[in-house]
Amino acid sequence: MFIQSSLIALALVMSATASPMAEGMGTRIAFEKRNGFTTSDGHFDHARAVKQVVRDRNKHRGNLINLEHNMGHHAFNEGAHIRPVANYSSHGKRQAEALTDEGGDQYWAGNIAIGTPGQTFFIDFDTGSADLWVPSTNCTSSYCSNKHKYNTASTSTEARKSGTFSIQYGDGSTVSGPVYTDTVNVAGVTVKNQYFSPVNTLSSMFGSEADDGILGLAFPAISNLRQSPFFNTAKSQGAVKNGVFAFKLAKSGSELYLGGTDTSLYTGSIEYHSVTGSGFWQLANAKLYLGTKTIESGVQTIIDSGTTIIYGPPSQVAAFYKSIPGSKVYDSENGFYSFPCSSVPSNVAFSWGGQKWTISAANFNFGRVSSTQCIGAIAGQDLGLGSNTWLLGDSFMKNVYTVFSFDQNSVGFAKLK
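Residues numbered from 1 in each chain as written. Predicted model: local features only at pLDDT ≥ 70, side-chain atom pairs only at ≥ 80, totals over all residues. Heavy atoms only, no water.

1. Thoughts on helix α4 (residues 314-322)
Within an α-helix, residues lying three or four positions from one another point in the same direction, as the helix has 3.6 residues per turn.
Alright, step 1. The complete set of buried residues in α4 reads Gln316, Val317, Phe320 and Tyr321. Here the buried residues of α4 occupy an arc of 135 degrees about the axis, which is enough to place them on one side. Those residues of α4 that are exposed and aimed more than 90 degrees away from the buried face are Ser315 and Lys322. (Buried < 20%, exposed > 50% of the residue type's maximum accessible area, 1.4 Å probe, protein only. Helix = DSSP H or I, 4+ residues; strand = E, 2+ residues; numbered from the N terminus. Arc of directions from axis to C-beta.)

In structure tokens form, the structure reads like this:
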């Protein structure tokens, strides 16, 4: 039975210092990079980026609905609110040149197995959500046609549970299905009776993607299933010794490490900061820098591997781009700005009281929209998460080794090798 008190995260009093966290004691999962926003000829894929904005808005809309249901409205950040469903339609802006998708870095995915014997699925690992879902054999939509599908008749360890799972997306469709438990194996980390949904309906937003589903790595407080997410179950069942996992996201050699940190991927110590938000991997008192200039301070930040974009409150993002000569609004509805391609910022950084963690020029630049202007990875968008809350996607995470600790209720950063 789901117990609300089990969702309450106890904040630890921690400074921006290093402390030991199960180095080299876990299991590696290799990632594949996924579709991004830059085409093979260097242009910005605007339509794909807008689709991602809609998907992110509705994902976090669902997270807030779950948070309110599980914990109550008091768990919201200041200024947080549940926004209406965002709608997606084909966007008017297009480049004159023909665009070819090169398959960049929009998502990061790897294989898992569900059932006995195991049925294999290609899954996005998402620190911005808390549930596991995959398509089922009952999904007859064309969007499921190229997916791996879970078959209840082919596993001896499944059990149907009460309730349903549902997430609404902006194309008018949902991802929905029944609730089951089964054995789940992720790179040798095996848990029994894991709650998940083998969905019967699949949104068109997922139909064109190579991944089959999502495995959420956030806190139980934002679970639609109102149950323990996979990694929490792994820790409680002893499948991992330590409640720590870590990401390296890069053009090659990307990895999720379960049960500790992979010391071969980073140098120096890890700088840890306490989680402050209910349900999210949220850190307080961040500063945003452009070179030596402080653009914003005292902001909340949520670390979300499930998106490429970095989102900030529209007014704060406008102030950021005002400090970049030649920048201007490109898409006011979705919050994208352009800047001169001849001077891509290489000195944008976030800090939580320790060192500055800089976003490289390559990770900041989403591609050209003209012969002179390029699009920045930071977008101004109200996701409903709070009036002073930023969401840092993998355009930030690709610059650091990122560690998530349930054991110490913290997130840590280290320098990549």
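After that view, the rundown keeps rolling.
2. Let's talk about the pairing of strand β14 (residues 293-303)
Alright, step 1. In this structure, strand β13 (residues 282-290) lies alongside β14, joined through seven bridges in antiparallel fashion. Residue Ala286 lies in a different strand from β14, and its bridge partner there is Val299.
Alright, step 2. Adjacent in sequence and paired antiparallel, β13 and β14 are bridged by two residues, among which Gly291 carries a positive phi angle near 65 degrees.
Alright, step 3. Both β14 and strand β23 (residues 389-392) contribute to a ladder of four bridges, which runs parallel. (Pairing = 2+ DSSP bridges.)

3. Re the confidence of the model for the chain
Alright, step 1. Per-residue pLDDT for the chain has a mean of 88; in total, 88% of the residues score no lower than 70.
Alright, step 2. Ignoring residues within four places in sequence, the model shows residues 1-20, a span with pLDDT below 50, making 44 contacts including any to other chains. (pLDDT = per-residue confidence, 0-100. Contact = heavy atoms within 4.5 Å.)

4. Considerations on the sheet that holds strand β25 (residues 410-416)
Alright, step 1. The strand order across the open sheet built from six strands is β1-β11-β10-β24-β25-β12, with neighbouring strands paired in antiparallel fashion. Each edge of the sheet is formed by a strand with only one pairing partner; in this case those strands are β1 (27-30) and β12 (266-274). Across the sheet, the mean angle separating the axes of adjacent strands is 20 degrees when strand polarity is ignored.
Alright, step 2. In this structure, β12 lies alongside β25, joined through six bridges in antiparallel fashion. Bridge pairing in β25 links Tyr266 to Leu416. (Axes fitted to C-alpha atoms, helices over the stretch in contact; angles between N-to-C directions.)

5. As for empty space enclosed by the protein
Alright, step 1. Scanning the entire structure with this criterion turns up three cavities of 30 Å³ or more.
Alright, step 2. What lines the second largest cavity is simply Ala130, Asp131, Leu132, Gln194, Tyr195, Leu215, Gly216, Leu225, Gln227, Ser228, Pro229 and Phe230.
Alright, step 3. For the lining of the second largest cavity, the elements supplying multiple residues, two or more each, are β8 (189-199) and β9 (213-216). (1 Å grid on protein atoms, 1.4 Å probe; cavity = no way out; pocket = protein on both sides within 12 Å on 5 of 7 lines; lining within 4 Å. Points joined across faces, edges and corners; volume = space filled by probe spheres on them.)

6. Focus on the state of the cysteines
Alright, step 1. Evaluation of the coordinates by the stated rule reveals two disulfides.
Alright, step 2. One disulfide bridge connects Cys139 with Cys144, the sulfur atoms lying 2.0 Å from each other. The sign of the S-S torsion, about 80 degrees, decides the handedness of the disulfide formed by Cys139 and Cys144: right-handed.
Alright, step 3. Note that Cys341 is cross-linked by a disulfide to Cys374, the S-S spacing being 2.0 Å. Given an S-S torsion of about 110 degrees, the disulfide between Cys341 and Cys374 has right-handed geometry. Of this pair, Cys341 sits in the loop between β17 (336-340) and β18 (348-351) while Cys374 sits in strand β21 (residues 373-376); the two residues are 33 residues apart in sequence, bridging distant segments of the chain.
Alright, step 4. Relative accessible area serves as the criterion here: at 2%, Cys374 is assigned to the buried category. (Disulfide = S-S within 2.5 Å.)

7. So, the pairing of β9
Alright, step 1. Burial along β9 is two-sided: the face carrying Gly213 and Leu215 and the face carrying Ile214 and Gly216 are both buried.
Alright, step 2. Here four bridges tie strand β4 (residues 119-126) to β9, and the two strands are oriented parallel to one another. For Asp126, the partnering residue across the bridge sits in β9 and is Gly216.

8. Considerations on the sheet that holds strand β22 (residues 378-380)
Alright, step 1. One open sheet accounts for seven strands, arranged β19-β18-β13-β14-β23-β15-β22; its pairing is mixed. Each having just a single partner strand, β19 (357-359) and β22 make up the two edges of the open sheet. Across the sheet, the mean angle from the axis of one strand to that of its neighbour is 35 degrees, orientation sign disregarded.
Alright, step 2. Where α4 meets the sheet, it contacts β13, β14, β15 (310-312), β18, β22 and β23, and its direction lies at approximately 130 degrees from that of β22.

9. Describing the packing of aromatic side chains
Alright, step 1. For the coordinates displayed, the defined rule picks out 31 aromatic pairs.
Alright, step 2. Between the aromatic rings of Phe245 and Phe404, the centroid separation amounts to 5.0 Å while the plane-to-plane angle is 15 degrees, which identifies the pairing as stacked. Of the two residues, Phe245 sits in strand β10 (residues 244-248) while Phe404 sits in strand β24 (residues 401-405), which places them 159 residues apart along the sequence.
Alright, step 3. By relative accessible area, Phe404 is classed as buried at 0%.
Alright, step 4. Where Trp352 meets Phe396, the ring centres are 5.8 Å apart and the plane angle is 70 degrees; that geometry is what we call edge-to-face. Of this pair, Trp352 sits in the loop between β18 and β19 while Phe396 sits in helix α6 (residues 394-397), and the two are 44 residues apart along the sequence.
Alright, step 5. For Phe396, a relative accessible area of 0% corresponds to the buried category.
Alright, step 6. Taken together, the ring pairs in this structure connect Phe219, Phe231, Phe245, Phe247, Trp281, Phe404 and Phe406 into an aromatic cluster. (Phe/Tyr/Trp six-rings, centres within 6.5 Å; stacked < 30°, edge-to-face > 60°.)

10. Quick word on the pattern of salt bridges
Alright, step 1. Summed over the entire model, instances satisfying the criterion amount to seven salt bridges.
Alright, step 2. Across the pair Glu255 and Arg28 runs a salt bridge, and its minimum N-O distance is 3.6 Å. Note that Glu255 is positioned in strand β11 (residues 255-258) and Arg28 in strand β1, a separation of 227 residues in sequence.
Alright, step 3. Across the pair Asp126 and Lys59 runs a salt bridge, and its minimum N-O distance is 3.1 Å. Placement of Asp126 in strand β4 and of Lys59 in helix α1 (residues 46-71) is noted, with a sequence separation of 67 residues between them.
Alright, step 4. A relative accessible area of 4% places Asp126 in the buried class.
Alright, step 5. Connected via shared salt-bridge partners are Arg28, Glu255 and Asp262. (Salt bridge = Lys/Arg side-chain N within 4 Å of Asp/Glu carboxyl O.)

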